[in-house]
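Structural overview for review
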Amino acid sequence: MILTASNLSCRRGGRLIFRDISFRVASGSALVVTGDNGAGKSSLIAMIAGLLTPAEGEIALSGDPEQTPGELIGLMAHRDGLKPSLTVQENLSWARNLLGASAMDIDEALLAVGLSHAIAMPVEHLSAGQRRRVSLARLLSCSRPIWLMDEPAGALDQRAIRGLTGLMQRHLAEGGIIVAATHQPLGIDDAQTLHLAPPPVDAGDEEPFWEDDDCEDELLMGYAPARAGQ
Ligand SMILES: Nc1ncnc2c1ncn2[C@@H]1O[C@H](COP(=O)(O)OP(=O)(O)OP(=O)(O)O)[C@@H](O)[C@H]1O
């Protein structure tokens, strides 16, 4: 299976976010997407998932013509889509029924993400990092060869990030494809990288405050503790 993007451009709210992006990711390999806030990483993930239409260019998936992209893609998005009032097990069972079950069952997936103890807890009682782990367990326990991951390490502690890396490597070793948008290194061996350049500044836009040379002084002045006698 090969995921190919050719000359993609993205427009949102009438603004050009990125343009002329091309890549090719084959089974067993990963693409790591980086870039500043607002560079378009989540937008690119949404485009590959079929949730956003490119302004220009196209995305193609070669492989089994019997399977649609919707049947092949597993999405770990910013919004996790977990049902807060359902337990971890109920959320994962629901996803497996909807998306198809992988060879890894729910117990194994929760063990892999270090969350076995939380299987019967409602998701609304979990911490942000624990919810992230449930999202990862959902990818593991559903049968989706293409993982699209938006900030997969967000809210995870260092040990959990190492675990995440191991699970991503295993998915690649089993012939999966991964596209991951991230602000922090994921440690994936031999991953291609794609850095999205900052969006062009439209005429009339103000420069970001941190590019103003006087800004540091102003911040220091604003936050410096008042001294006695001043
Ligand atoms: N629904 C929308 N309507 C208009 N503009 C949008 C919409 N969604 C996102 N944008 C804009 O598109 C740009 C890219 O957003 P996106 O979330 O893809 O960036 P990102 O690289 O993932 O950022 P971050 O690192 O902060 O997560 C931003 O300027 C954002 O304001």
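Residues numbered from 1 in each chain as written. Predicted model: local features only at pLDDT ≥ 70, side-chain atom pairs only at ≥ 80, totals over all residues. Heavy atoms only, no water.

Pairing within the open sheet is parallel, and its five strands lie in the order β5-β6-β7-β3-β8. Edge strands, defined here as strands with exactly one partner in the open sheet, are β5 (73-76) and β8 (192-196). Across the sheet, the mean angle from the axis of one strand to that of its neighbour is 15 degrees, orientation sign disregarded. Examined bridge by bridge, strand β3 (residues 30-35) and β8 share five bridges and lie parallel to one another. The residue bridging V33 from the neighbouring strand is L194, located in β8. Contacts from helix α5 (residues 128-141) reach β5 and β6 (146-150), with the element oriented near 175 degrees to β5. (Pairing = 2+ DSSP bridges. Helix = DSSP H or I, 4+ residues; strand = E, 2+ residues; numbered from the N terminus. Axes fitted to C-alpha atoms, helices over the stretch in contact; angles between N-to-C directions. Contact = heavy atoms within 4.5 Å.)

What follows is about the site of the ligand. Close contacts around the ligand come from 14 residues, with G38, K41, S42, S43 and H183 the closest. At 2.9 Å from an oxygen atom of the ligand is found a main-chain nitrogen or oxygen belonging to S42. One nitrogen or oxygen atom from the side chain of S43 is found 2.6 Å from an oxygen atom belonging to the ligand. Its free accessible area being 640 Å², the ligand has 62% of it covered by the protein chains. Counting residues per element, the ones that place at least two in the shell around the ligand are β2 (15-26) and α1 (41-48). (Near = heavy atom within 4 Å. Polar contact = N/O pair within 3.5 Å; in protein donor to acceptor, adjacent residues only side chain to side chain. Areas by Shrake-Rupley, 256 points an atom, 1.4 Å probe, with all protein chains shown as cover.)

This brings us to the packing of aromatic side chains. Counted by the stated rule, this structure contains zero aromatic pairs. The ring centre of W94 lies 4.7 Å from the NZ or CZ of K83, which sits over that ring. (Phe/Tyr/Trp six-rings, centres within 6.5 Å; stacked < 30°, edge-to-face > 60°. Lys NZ or Arg CZ within 6 Å of the ring centre and 35° of its normal.)

What follows is about the side chain of K41. On the secondary structure map, K41 appears in helix α1. Nearest to the buried, unbridged K41 among oppositely charged side chains is E151, at 5.3 Å. When near neighbours in sequence (up to four residues on either side) are disregarded, K41 contacts V33, T34, G35, D36, E151, A181, T182, H183 and L196. (Buried < 20%, exposed > 50% of the residue type's maximum accessible area, 1.4 Å probe, protein only. Lys, Arg positive; Asp, Glu negative; His and termini not counted. Salt bridge = Lys/Arg side-chain N within 4 Å of Asp/Glu carboxyl O.)

Purely geometric stuff here, so don't read any function into it on its own.
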